[in-house]
Amino acid sequence: IVIGGWDINRANIGEAMERACVFDYALQEKLKPKLSKLKPLPSIYYPDFIAANQEDRANNLIPKGTKQQDLEHLRNDIRTFKRNNNLEKVIVLWTANTERYTD
């Protein structure tokens, strides 16, 4: 299993894990050495979709394009990740939790 992903913040995954406070401290200490080596790819930032309190941490963004260009950028990221890691299959799992509320 090879793990990768995107985030609007450039913090490594170990730092992001600490900031999120979603794991018990003892588990964080065990995971941090490995997770700190993982850095997220730049992501898309659509202010109308992401919670307003995330704007200040949005420092890891792909260049703004049309939605079609953004889609092609992400598809290319997936192709590159698959090729670079010699993978047969890629599974994309959406785990964001900062979506803006909508009716």
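Per chain, residues are indexed from 1 in the order of the written sequence. Under the rules for a predicted model, residues below a pLDDT of 70 receive no local features and side-chain atom pairs below 80 are neither given nor counted, while totals for whole chains, interfaces and linings still include all residues. With hydrogens and water set aside, each side-chain value is computed from the structure's full complement of heavy atoms.

Enquirer: What's the story with the overall build of the chain in this structure? I'm lost.
Expert: Each helix and strand counted, the chain has 3 helices and 2 strands in total. Numbered from the N terminus, helices here are DSSP runs of H or I no shorter than four residues, and strands are runs of E no shorter than two. The order of α-helices and β-strands along the chain, N terminus first, is β-α-α-β-α. Every one of the 103 residues in the chain was classed for burial, and the buried ones make up 21%. Across the chain, contacts joining residues at least 24 apart in sequence account for 60% of those joining residues at least 6 apart. Put simply, the chain shows about 8,300 Å² of open surface, and 55% of that area lies on carbon and sulfur atoms. Once the 16 positive and 14 negative side-chain charges of the chain are each reduced to a mean point, those two points are 7 Å apart. Note on exposure labels: buried denotes an accessible area under 20% of the residue type's maximum, exposed denotes more than 50%, and partly exposed covers the range between, all computed with a 1.4 Å probe on protein chains only. Contact definition: two residues touch when any of their heavy atoms are within 4.5 Å. Here the accessible surface of atoms and residues is derived via Shrake-Rupley with a 1.4 Å probe, and residues count as covered only by protein chains that are part of the display. Positive charges come from Lys and Arg, negative ones from Asp and Glu, while His and the chain ends are left out of the count. All charge positions are set by atom: Lys at NZ, Arg at CZ, Asp at CG, Glu at CD.

Enquirer: Sorry, what's going on with the packing of aromatic side chains here?
Expert: By convention here, two paired aromatic rings are described through the distance between centres and the angle between planes. For Phe, Tyr and Trp, rings pair up if their centres lie within 6.5 Å, where Trp contributes its six-membered ring, and each pair is then called stacked (planes under 30 degrees apart), edge-to-face (over 60) or tilted (otherwise). As enumerated under the stated definition, the model contains 1 aromatic pair in all. Counting as a charge over the ring demands two things of the Lys NZ or Arg CZ atom: a distance within 6 Å of the ring centre and an angle within 35 degrees of the ring normal. Geometry around Tyr46 places Lys67 over its ring, the cationic atom sitting 5.5 Å from the centre.

Enquirer: So what exactly am I meant to see when it comes to unusual backbone geometry here?
Expert: Negative phi characterises most residues that are not glycine, and trans characterises most peptide bonds. The backbone of Cys21 shows a phi angle near 55°, a positive value even though the residue is not glycine. The topology assignment puts Cys21 in the loop between α1 (13–20) and α2 (25–35). Relative accessible area serves as the criterion here: at 59%, Cys21 is assigned to the exposed category. Positive phi is not limited to glycine here, since Asn86 has a value of about 50°.

Enquirer: Looking at this structure, I do not really get the packing of α1 against α2. What am I missing?
Expert: In helix packing, the relevant descriptors are the interaxial angle and the interaxial distance, both defined with respect to the helix axes. Running from N to C, α1 and α2 cross one another at 150°; their axes reach a closest spacing of 7 Å. Comparing their axes, α2 and α1 come out roughly antiparallel. Each of Ile13, Gly14, Met17 and Glu18 in α1 lies in contact with α2, whose residues at this interface are Gln28, Leu31, Lys32 and Leu35. For helices, the axis comes from a line fit to the C-alpha atoms of the stretch in contact; other axes are also lines fit to C-alpha atoms, and the angle between any two N-to-C directions lies between 0 and 180 degrees. Relative orientations are named as follows: roughly parallel for angles under 35 degrees, roughly antiparallel for angles over 145 degrees, roughly perpendicular for angles from 65 to 115 degrees, and oblique for any other angle.

Enquirer: What am I meant to see in the pattern of salt bridges here?
Expert: In what follows, salt bridge is the name for a side-chain nitrogen of Lys or Arg lying within 4 Å of a carboxyl oxygen of Asp or Glu. Taken as a whole and judged by the stated rule, the model has 3 salt bridges. Between Asp7 and Arg57 there is a salt bridge, with the nearest N and O atoms lying 3.1 Å from each other. A residue pair is termed long-range when its members are at least 10 positions apart, and Asp7 in strand β1 (residues 6–7) and Arg57 in the loop between β2 (41–42) and α3 (67–84) qualify at 50 residues. Looking at Arg57, the relative accessible area reads 19%, which means it is buried. Linking Lys32 and Glu18 is a salt bridge whose minimum nitrogen-to-oxygen distance equals 3.0 Å. One end of the pair, Lys32, is in helix α2; the other, Glu18, is in helix α1, with 14 residues separating them in the sequence.

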